[in-house]
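# Report on the structure
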Amino acid sequence: MIALLVLVAAVVVVLEWNRRRPSGPPGHPGVRPDLPDRDRDRLLDDLRAVADRT
C-alpha cells in the first residue's frame, strides 16, 4: 500500500514538473504570437482537400 502511494506521488510530481516546464527549444520561451502557425495552416489545407474530394 505504501509503495502504491509513493508511486502515485511520484507520478503527480512528474506531471506537475512537466506542466510547468516551458515548451520549445532551450532559450526559447514558447510560441511567438507574431509568427504564423504553420501546423494549423497545414491542417486546414488538408481538411479543405478532403472536403473537396467528397
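Below is a short write-up of the structure. (Residues numbered from 1 in each chain as written. Predicted model: local features only at pLDDT ≥ 70, side-chain atom pairs only at ≥ 80, totals over all residues. Heavy atoms only, no water.)

Before going further, it helps to spend a moment on the overall build of the protein chain. If you tally the helices and strands in the protein chain, you get two helices and zero strands. A burial count over the protein chain gives 2% of its 54 residues as buried. For the protein chain, the accessible surface area stands at approximately 5,500 Å², while carbon and sulfur atoms represent 64% of it. (Helix = DSSP H or I, 4+ residues; strand = E, 2+ residues; numbered from the N terminus. Buried < 20%, exposed > 50% of the residue type's maximum accessible area, 1.4 Å probe, protein only. Areas by Shrake-Rupley, 256 points an atom, 1.4 Å probe, with all protein chains shown as cover.)

In this structure the tally under the stated criterion is two salt bridges. Notably, a salt bridge pairs Asp45 with Arg48, separated by 3.4 Å at the nearest N-O pair. A residue pair is termed a helical-turn pair when its members lie 3 or 4 positions apart in one helix, as Asp45 and Arg48 do in helix α2 (residues 38–53) at three residues. (Salt bridge = Lys/Arg side-chain N within 4 Å of Asp/Glu carboxyl O.)

A contiguous nonpolar patch, built from Met1, Leu4, Leu5, Leu7, Val8, Val11, Val12 and Leu15 and spanning about 830 Å² of accessible area, is present on the exposed surface. Inspection of the secondary structure assignment puts Leu5 in helix α1 (residues 2–20). Judged by its relative accessible area of 55%, Leu5 falls in the exposed class. (Patch = residues over 30% accessible without salt bridge, like charges linked within 9 Å, V, L, I, M, F, W, Y side chains within 5 Å.)

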